[in-house]
Amino acid sequence: MFGFSIKRLFKEPLLHFLFLGFLLFLFYDYRQGQYTQAPNIIQVSSQQISQISSRFTLTKLRPPIQSELDALIEEYVRDEVFYREAIAMGLDQGDPQVRSRMRRKLEFFLEDLLVAEPDEEELEAFYTQHADTFKYDTQFSFQQFFINPKNHADANKQALVLLQGINERGAFDGFDHTLLPFEFTLMSSREIDNYLGGGVASQLEQFAVNSWQGPVMSSFGLHIVKVTERQPGELPSFASIREKVLRDYEAYHRVEQKEQAYEVMRKRYKVVVDPMISNADEITSLR
């Protein structure tokens, strides 16, 4: 019982909030200690040496020999010297690229903070709450005849003439040749929309199976289509996609955690927004 209570306690949002504040405090303290207590000392830790060596190994597919490692460490020191001197000169101020990179770096740091591992009950609850995101799309097989709007003064009318000919006389006349396939086999709604343009799958959803209908508008033009098979989307079992659910759970809570950290940091600032100056006011003030 006691263990269960402690476990629940560690999942409380308020505790997360306080924990993030504590982590940020430690991070600030560490960074300040790194640069203000010994500004003229560059310490290359064994962890940094290991990272330098790993990057070399990843690129060259072999570990560096000692002379190569020495050169890499010296290059790291050169980077650090230039970085510190640039910071001391204020070259990071007012640079939108530096500002953007610093923001992304801090966001990555916050996203890498530990996400409490969920138990099975929590994971299944997440799966149920976000069932729509785990549901497989409806799949369609269909055939199509294409009408190119560039070839007809009234493409919609031409498509309807083609449809009428097919349905009344079995005559497949009046369509335009295209590099698009005549037959599509079991493509998901998302794949169809990616291939033919947004909204095509929702139009196919309205059609009866094995009946020529249309026209359907795609990003290429108009189509007379026959849906030959429709497999409704379904929600796979929790057990079959547990690993995906876990990845999504962690991603979801990383984003949530980042927003909580932002709220902690945001409270440390008072924001003053000057009233907007119109162009006319600006021009007048410059005269």
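What you are looking at is a predicted structure, and each value in this text was computed from that prediction instead of being measured. (Residues numbered from 1 in each chain as written. Predicted model: local features only at pLDDT ≥ 70, side-chain atom pairs only at ≥ 80, totals over all residues. Heavy atoms only, no water.)

Colleague: Quick rundown of the nonpolar core? Include the residues and the values.
Modeller: With 15 residues, the main nonpolar core has Phe142, Ile192, Leu196 and Leu204 as its most contacted residues. When sequence neighbours within four positions are dropped, the list of residues in contact with Ile192 reads Phe140, Phe142, Met187, Gly197, Val200, Ala201 and Leu204. Counting 10 residues, the second largest nonpolar core, distinct from the first, contains Ala159, Leu163, Leu222 and Ile224. (Core = buried A, V, L, I, M, F, W, Y, C linked by side-chain atoms within 4.5 Å. Buried < 20%, exposed > 50% of the residue type's maximum accessible area, 1.4 Å probe, protein only. Contact = heavy atoms within 4.5 Å.)

Colleague: With reference to specific residues and values, describe the packing of aromatic side chains.
Modeller: Applying the stated criterion to the full structure yields 12 aromatic pairs. Seen from their ring centres, Phe145 and Phe172 are 5.3 Å apart, and the 40° between their planes marks the pair as tilted. Within this pair, whereas Phe145 is found in strand E1 (residues 139–147), its partner Phe172 is found in the loop between helix H8 (155–169) and strand E2 (183–188), the two being separated by 27 residues in sequence. Given a relative accessible area of 11%, Phe145 falls into the buried group. Take Phe172: its relative accessible area is 38%, and that puts it in the partly exposed class. Pairing Phe145 with Phe182 gives two aromatic rings, centres 5.3 Å apart and planes at 55°, and the pair type is tilted. Remark: Phe182 occurs in the loop between H8 and E2 and Phe145 occurs in strand E1; sequence separation between them is 37 residues. Taking relative accessible area as the criterion, Phe182 reaches 38% and is therefore assigned partly exposed. Ring pairing ties together the aromatic residues Phe126, Tyr127, Phe134, Phe238, Tyr249 and Tyr252, which thus form one cluster. (Phe/Tyr/Trp six-rings, centres within 6.5 Å; stacked < 30°, edge-to-face > 60°. Helix = DSSP H or I, 4+ residues; strand = E, 2+ residues; numbered from the N terminus.)

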